[in-house]
Amino acid sequence: MLEENPAGQFRGQPPKKNYAAEYLERRMSAMQFTAFLDPCDQWMVYDLFSDLPAELPGRLLLGLTQNDAEQLTEQANMEFVLMPAEYN
């Protein structure tokens, strides 16, 4: 347990972390993709990590309806959360 002295400094052992819970929380809060209304009033799925439009094999996710963009965004984020860390 850490103890704080009057100078605001700590001594002792830090509390043990639950690294598995921290990792899961970080992954669950991670959102790589977002539905985005572009300047031409068309919806797209945007990859926040690469700062580019998202794509499926052979197709950029541009020019979508709002409903399609939101559904594809949700699906992509779920796949990202479930993907093993070494692929992210």
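Residues numbered from 1 in each chain as written. Predicted model: local features only at pLDDT ≥ 70, side-chain atom pairs only at ≥ 80, totals over all residues. Heavy atoms only, no water.

### Describing the overall build of the chain
What counts is decided by this rule: Secondary structure elements are taken from DSSP: a helix is a run of H or I of four residues or more, a strand is a run of E of two residues or more, and numbering for both begins at the N terminus. A 1.4 Å probe rolled over the protein chains alone gives each residue an accessible area, and that area as a share of the maximum for its type sets the label: buried under 20%, exposed over 50%, partly exposed in between. Contact definition: two residues touch when any of their heavy atoms are within 4.5 Å. Computed with the Shrake-Rupley method and a 1.4 Å probe, the accessible areas treat only the protein chains shown as cover for residues.
A count of helical and extended segments in the chain gives two helices and seven strands. Along the chain direction, N to C, the helices and strands of the chain fall in the order β-β-α-β-β-β-β-β-α. Looking at the chain as a whole, 20% of its 88 residues qualify as buried. Taking the intrachain contacts of the chain between residues at least 6 apart in sequence as the baseline, contacts between residues at least 24 apart amount to 30%. Accessible surface for the chain amounts to roughly 7,100 Å². Of this, 57% is attributable to carbon and sulfur atoms.

### Some details on the nonpolar core
Inclusion rule: We define the nonpolar core as a collection of buried residues of types Ala, Val, Leu, Ile, Met, Phe, Trp, Tyr and Cys that are connected through side-chain atoms lying within 4.5 Å of one another.
Listed in full, the eight residues of the largest apolar core are Phe33, Trp43, Val45, Ala54, Leu61, Leu64, Ala69 and Ala76. Listing elements by their share of this core, those giving two or more residues are β4 (43–47) and α2 (66–82). Aside from chain neighbours lying at most four places away, what touches Val45 is Phe33, Thr34, Pro53, Ala54, Leu61, Leu64, Ala69, Leu72 and Thr73.

### Topic: the sheet that holds strand β3 (residues 33–37)
Stated precisely, the cut-off is as follows: When DSSP finds two or more bridges between a pair of strands, those strands are recorded as paired.
Spatial strand order, β3-β4-β5: three strands in an open sheet with antiparallel pairing. Only two strands of the sheet have a single neighbouring strand rather than two, namely β3 and β5 (52–53). One ladder, built from five bridges, connects β3 with β4; its direction is antiparallel. From the neighbouring strand, Phe33 faces β4, where its bridge partner is Asp47.

### Comments concerning the side chain of Thr73
The topology assignment puts Thr73 in helix α2. Using a relative accessible area of 8% as the deciding quantity, one classes Thr73 as buried. In this structure, Thr73 is in contact with Phe33, Thr34, Ala35 and Val45, ignoring residues within four places of it in sequence.

### Some thoughts on a nonpolar patch on the surface
Where we set the bar: Patch definition: residues above 30% relative accessible area lacking any salt bridge, with like charges linked at up to 9 Å and the nonpolar side chains Val, Leu, Ile, Met, Phe, Trp and Tyr linked at up to 5 Å. Salt bridge, as used here: a side-chain nitrogen of Lys or Arg that lies within 4 Å of a carboxyl oxygen of Asp or Glu.
Taken together, the side chains of Met31, Leu48 and Phe49 define a hydrophobic patch exposed on the protein surface, amounting to about 310 Å² of accessible area. With respect to the helices, strands and loops of the structure, Phe49 is situated in the loop between β4 and β5. Judged by its relative accessible area of 53%, Phe49 is exposed.

### A look at the confidence of the model for the chain
What counts is decided by this rule: Each residue carries a pLDDT score, the predictor's confidence in it, ranging from 0 to 100.
Summarising the model, the chain shows a mean pLDDT of 77, and 56% of its residues fall at 70 or more. Mean pLDDT values over the elements of the chain span from 59, in helix α1 (residues 19–29), up to 94, in β4.

### A few points about the pairing of β4
Extensive coverage of β4 is indicated by the burial of five of its five residues. Side chains Trp43, Val45 and Asp47 of β4 all project onto a buried face; the interleaved residues Met44 and Tyr46 project onto the opposite face, where all are buried too. The pairing of β4 with β5 spans two bridges and is antiparallel. Bridging from a neighbouring strand, Asp47 pairs with Leu52 of β5.

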